[in-house]
Amino acid sequence: MELKGKSQAMTERFLDENYELAHLEVTPGEPGGSQSVDLPVLHGTMGPSVLDIRKLYAETGYFTYDPGYTSTASCASNITFIDGEKGILLHRGYPIEELAEKSTFLEVAYLLMEGNLPRKKDFESFVESITLHTMVNEQLHNFFQGFRRDAHPMAIMVGVVGALSAFYHDSLDIHDPKQRLIASHRLIAKMPTLAAMAYKYSMGQPFIYPRNDLGYAENFIHMLFATPAAPYKVNPVIGNALDKILILHADHEQNPSTSTVRLAGSSGANPFACVAAGIACLWGPIHGGANEAVINMLKEIGHKDRILEYIKRARDKNDPFRLMGFGHRVYKHYDPRAAVLRKTCQAVLDELGNHDDPLLKLAKELEKIALEDPYFIEKKLYPNVDFYSGIILKAIGIPTSMFTVLFAVARTVGWIAQWMEMLEDPSQKIGRPRQLYTGSTLRHFSPLSQRKD
Ligand code: ACO
């Protein structure tokens, strides 16, 4: 496998050949005055076209204002496509439903990173490389001792993943494609090991070393639940369910944590530091932390008779409460990942003999009521990936505090694929947004003794 940045050069060419000019007139009162400019409208292969405003400031003296990037494409990308109105999610053109049903997490990882499904030989060498990088430097074990036992595993992950850059100096040169690739494989391989160590540390149990005879998800489960005291056999139902969950979380175009990784990487920071930044962003309760928040919310609701009370709170503008696992910046339709998880959830619970899981029953009831509620209909709020993932993770024995960590393990693949794509993009620049200044105008310093009350 060689990294050449070919696809990014092709993207540039594609965009150069697929544009037209739009004429924009800005006619405000003073101070900016009237301006007009011709801006290219760029067409991608699918999805809305974009106004290329890169020359807007130079030619008009105006910036654009878009807090939260609700109307801004921050990059061109070949990796993932979402049609939020129709509930479509494609990775490199393949529908997520097909990948979840027919592929494996490592195959999807290869697809995201390399652009195409692997041939047998390429896949074998990819799997071998990931497998051979699963152990972490023994000295990293000491880092864990510095954390309190009750630390949240995401807090530990931010620290130890960032610390990888202190150990793997031979893969920090981002200008060397071989080093980029090794760092990427190291991250994908070591994330489950570090995640399991964070869990074991919180339990006061010894760390379990990776087992290279097991598959990616199975090895992860083994490191989480085995102890040195007794043999542990991974239940294949659980292994398959986890593999599917990892596929469903692998990438989601320019979401907050991925954009964080790209922004951190745009300064030339090393990949371990960039992924640590992504983990910090993912931790937030309205991003990756929502899967944990959904379970806490369902437990708090407790009974179907209390659902309406919580729906009422979600509707109330003066109450900060939001229905966790509902709503999405891009999806104004059922999140396709939630649809796969809803089905998987029931199947896994059935296979585990837990046909009547009370949390799943409550979640389905809550979903039904919310989907018929005028507030949720009007605002197009549907279940997102986090609504059902927590229930399935809980059913397979993953503790709640580890939910977002699992998300981080899966999303590392997307972060890495997007980071590599960014570095190979000839139009890449340091990410540096501007602002609309609304503070004091010029004033002069007066000494403390002369300031009036
Ligand atoms: N419960 C109640 N009201 C909601 C919810 C919700 N879960 N989500 C959105 N709304 C309302 C907002 O109050 C807002 O109402 P308004 O127009 O009257 O002001 C409107 O719907 C639009 O919501 P915004 O917050 O403006 O939409 P945005 O795109 O900025 O936010 C987000 C999307 C953060 C996901 C939001 O829907 C939310 O907080 N959901 C709950 C948390 C959650 O499940 N996060 C996981 C997202 S998936 C992921 O990151 C992996």
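Keep in mind the model is a prediction, meaning the values are calculated, not measured. (Residues numbered from 1 in each chain as written. Predicted model: local features only at pLDDT ≥ 70, side-chain atom pairs only at ≥ 80, totals over all residues. Heavy atoms only, no water.)

Notes on the layout of surface pockets
The line we're drawing: Using protein atoms alone on a 1 Å grid, points that fit a 1.4 Å probe yet trap it form a cavity, whereas open point sets bounded by protein on both sides within 12 Å along at least five of seven lines form a pocket; residues with an atom within 4 Å of a point count as lining. Grid points are joined across faces, edges and corners, and a volume is the space filled by probe spheres set on the points. Elements are defined by DSSP. Helices are runs of H or I of four residues or more, strands are runs of E of two residues or more, and each kind is numbered from the N terminus. Gly falls in the polar group here, along with every residue not listed as nonpolar (Ala, Val, Leu, Ile, Met, Phe, Trp, Tyr, Cys, Pro) or charged (Asp, Glu, Lys, Arg).
The volume enclosed by the second largest pocket comes to roughly 460 Å³. Elements represented by at least two residues in the lining of the second largest pocket include exactly α3 (96-102), α4 (105-114), α5 (120-132), α8 (177-203), α9 (216-225) and α10 (236-248). Take the lining of the second largest pocket: its biggest share by element is 6 residues, from α10. Of the residues belonging to the lining of the second largest pocket, the class tally is 13 nonpolar, 9 polar and 6 charged.

Some details on the packing of aromatic side chains
Keep this limit in mind: Here the aromatic set is Phe, Tyr and Trp, taking the six-membered ring for Trp, and pairing holds for ring centres within 6.5 Å; pairs whose planes are under 30 degrees apart are stacked, those over 60 apart are edge-to-face, and all others are tilted. The classification of residues rests on relative accessible area computed with a 1.4 Å probe and restricted to protein chains. Under 20% of the type maximum is buried, over 50% is exposed, and intermediate values are partly exposed. For a Lys NZ or an Arg CZ to count as sitting over a ring, it must be within 6 Å of the ring centre and within 35 degrees of the ring normal.
In the structure shown here, the tally under the stated rule is 12 aromatic pairs. Relative to Tyr 216, the ring of Phe 105 lies with its centre 5.1 Å away and its plane at 40 degrees, an arrangement referred to as tilted. Of this pair, Phe 105 sits in helix α4 while Tyr 216 is found in helix α9, placing the two residues 111 residues apart along the sequence. Residue Tyr 216 is classed as buried on the basis of its relative accessible area of 11%. The lysine or arginine in question, Arg 149, covers the ring of Tyr 201, its NZ or CZ lying 4.1 Å from the ring centre.

Examining the sheet that holds strand β6 (residues 94-95)
The strands that make up a sheet pair up through hydrogen bonds in the backbone, lying either parallel or antiparallel. Convention followed: Paired strands, as defined in this entry, are two strands with at least two bridges between them according to DSSP.
The strand order β4-β5-β6 describes an open sheet built from 3 strands, whose pairing is antiparallel. Either end of the sheet is taken by a strand with one partner, and the two such strands are β4 (80-83) and β6. Alignment of strand β5 (residues 88-91) against β6, held across 2 bridges, turns out to be antiparallel. Note that in β6 the partner of His 91 across the bridge is Tyr 94.

Taken by themselves, the reported measurements are silent on function.
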